[in-house]
Amino acid sequence: MSMLGKRLKYLREKYNYSQKRVADSIGISNTQLSRYESGDRNPDPELITKFADFYDVTTDYLHGRTDSPKGSNDQYELIKTDEMYDSLAEITKLAKKYGLEQLGFFDIEEWKNLSPEEIKMLDAQFKAVANMAKERNEDKK
């Protein structure tokens with residue numbers, strides 16, 4: 001997927017807009033918007049400007065030339081880059097990808113039913129992730 005497509009999809013999802021709402025506001029079809037978001041097609045420059053105006057961001061942000069939606073303020077750029085990554089959304093995607101939402105992944109009552117072997121496996125995974133996070137935080141210092 002192109003950076004433009006990723007940004008268009010990210011912004012639409014960030015504001016909880018349907019493809020229909022955005023497409024109607026921009027003056028295109030849902031199919032066209034879907035193709036732009038997937039990177040199958042690229043909008044013309046005039047349409048990119050319409051997207052930028054609609055989302056109140058710069059065209060440079062849409063193209064990935066900057067991570068700052070409003071301009072080149074370095075401090076703001078760092079904040080927006082961190083905000084763009086939503087770890088809970090990523091965890092939810094993983095749960096869906098592996099069918100865990102159907103297994104009660106987010107249901108605490110289901111967690112109570114895990115076997116000792118499953119708890120050991122979770123412990124190993126949590127330990128690995130915690131160690132990576134700890135190393136990352138130490139590298140930032």
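Here, every reference points to the structure presented above.
Here the structure is a predicted model, which is why all the values come from computation and not from measurement.

A. Fine view of the pattern of salt bridges. Summed over all chains, the structure comprises three salt bridges. Across the salt bridge formed by Asp24 and Lys20, the nearest N and O atoms sit 2.9 Å from each other. Separated by four residues within a single helix, Asp24 and Lys20 lie in helix H2 (residues 19-26), roughly one turn from each other. When its relative accessible area of 49% is taken as the criterion, Asp24 is described as partly exposed. With relative accessibility at 48%, the residue Lys20 sits in the partly exposed group.

B. Representation of unusual backbone geometry within the structure. At Asn16, a position not held by glycine, the phi torsion is positive, near 55 degrees. Within the secondary structure, Asn16 is located in the loop between helix H1 (3-14) and H2. A positive phi angle is found at Asp56, which is not glycine, with a value near 60 degrees. Here Asp56 is to be found in the loop between helix H4 (45-55) and helix H5 (59-63).

The rules behind these values
- Residues numbered from 1 in each chain as written.
- Predicted model: local features only at pLDDT ≥ 70, side-chain atom pairs only at ≥ 80, totals over all residues.
- Heavy atoms only, no water.
- Salt bridge = Lys/Arg side-chain N within 4 Å of Asp/Glu carboxyl O.
- Helix = DSSP H or I, 4+ residues; strand = E, 2+ residues; numbered from the N terminus.
- Buried < 20%, exposed > 50% of the residue type's maximum accessible area, 1.4 Å probe, protein only.

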